[in-house]
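Architecture at a glance
Residues per chain, in single letters:
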Amino acid sequence: WLNLELGDIDREVVEDPEGIARYGVITKEVTAFATTSRAQAHRVGEWILYSERYETEVVNFTTSLENGIIVRPGAVINIADPVKAGARRAGRISAATTTTVTVDDSTGLPSTGTLSVVLDDGIIESRAITDLTAGVYTVASAFTTAPQNGGTWMVETDDIQPTQWKVLGIQEQDGINYSITAVSYNSSKYNYVERGAPL
């Protein structure tokens, strides 16, 4: 149960029947800043209810300087966690050209899918994989520039995809590493919030 104040004038009550059945009635009052209509207030309420119910998983990890400096709070990032996925799908680049990437270890890697790399300017580019031979991925079309040796790569396939996370905070550690805290992210929440409601 969410009770939203519209300035000092009105209130919009938003309920989650499934949540009430499962957890009982929990009331939260939120002031929806700059909200001028019931429709906006209702969307804020739906957003909060969705976040409270489905976005509860938090991750904290440490990454290297070249990856840490390109991530900002609020950014949505992909994480290829071998523990969750059951298989390793990311690592470091040993050598690269604009059309080939030599990976640090090709054991158990697929020969099809999509290869993503972080370029020198921090842009992430993805290309379809055409071949994997002796630890060298060949892609269907060239990357804008050759990925840097020591940079990161990630492979996506139909059966194993990276998980999405929204960055909450970043903290520098030891001058060479960055600690990143993120919360689970699901882009379907926009459809959940709207659910056919008129704008």
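Summarised in this report is the structure supplied together with it. (Residues numbered from 1 in each chain as written. Predicted model: local features only at pLDDT ≥ 70, side-chain atom pairs only at ≥ 80, totals over all residues. Heavy atoms only, no water.)

**Observations regarding the overall build of the chain**
Helix and strand content of the chain: five helices and 13 strands. In summary, the chain has a C-alpha radius of gyration of 22 Å against a globular reference of 16 Å for 199 residues, an excess of more than 25%. Dimensions of the chain, computed from the C-alpha atoms along their principal axes, are close to 65 × 35 × 30 Å. Of all 199 residues assigned to the chain, the portion counted as buried reaches 34%. Summarising the internal contacts of the chain: among those between residues at least 6 apart in sequence, 65% fall at separations of at least 24. About 11500 Å² of surface is accessible on the chain, with carbon and sulfur atoms providing 52% of the total. Charge-centre separation for the chain: the mean point of 15 positive side chains lies 3 Å from the mean point of 26 negative side chains. (Helix = DSSP H or I, 4+ residues; strand = E, 2+ residues; numbered from the N terminus. Rg over C-alpha atoms; globule rule 2.2 N^0.38 Å. Buried < 20%, exposed > 50% of the residue type's maximum accessible area, 1.4 Å probe, protein only. Contact = heavy atoms within 4.5 Å. Areas by Shrake-Rupley, 256 points an atom, 1.4 Å probe, with all protein chains shown as cover. Lys, Arg positive; Asp, Glu negative; His and termini not counted. Charge placed at Lys NZ, Arg CZ, Asp CG, Glu CD.)

**Re the sheet that holds strand S11 (residues 152-156)**
One closed barrel holds the six strands; their spatial order is S6-S7-S10-S9-S8-S11, and the pairing between them is antiparallel. Ignoring which end each strand starts from, the neighbouring axes of this sheet average 45 degrees apart. Bridge count for strand S8 (residues 114-118) against S11 is four bridges, and the pairing is antiparallel. Looking across to S11, one finds that Ser116 is bridged to Met154. (Pairing = 2+ DSSP bridges. Axes fitted to C-alpha atoms, helices over the stretch in contact; angles between N-to-C directions.)

**Section: the pairing of strand S9 (residues 124-133)**
Bridge count between S8 and S9: five bridges; the pairing is antiparallel. Residue pairing across strands places Thr114 opposite Ala128, the latter belonging to S9. If you look at the hairpin formed by S8 and S9, you'll find five residues sitting between the two strands, and Gly122 has a positive phi there, around 90 degrees. Sheet topology note: the S9/strand S10 (residues 136-139) ladder contains four bridges and is antiparallel. Directly across from Asp131, in S10, lies its bridge partner Thr138. Counted along the chain from S9 to the antiparallel partner S10, the turn is two residues long, and its residue Ala134 has a positive phi close to 50 degrees.

**Re the sheet that holds strand S12 (residues 163-173)**
Read from one edge to the other, the open sheet built from four strands follows the order S4-S13-S12-S5, with strand pairing classed as antiparallel. Each edge of the open sheet is held by one strand with a lone partner, namely strand S4 (58-64) and strand S5 (76-79). Direction aside, the axes of adjacent strands within the sheet are offset by 45 degrees on average. Sheet analysis places S12 next to strand S13 (residues 177-184), joined by eight bridges and oriented antiparallel. In the strand pairing of S13, Val167 is matched with Ala182.

**A word on the nonpolar core**
If you look at the biggest cluster of nonpolar residues, it comprises 14 residues, and the most contacted ones within it are Val101, Leu115, Val117, Tyr137 and Trp153. Contributions of two or more residues to this core are made by strand S7 (100-103), S8, S9, S10 and S11. Leu115 has contacts with Val101, Glu125, Ser126, Arg127, Ile129, Tyr137, Val139, Phe143, Trp153, Met154 and Val155, leaving out every residue within four places of it along the chain. By size, the runner-up hydrophobic cluster in this structure holds seven residues, among which are Val71, Ile77, Ile79 and Ala182. (Core = buried A, V, L, I, M, F, W, Y, C linked by side-chain atoms within 4.5 Å.)

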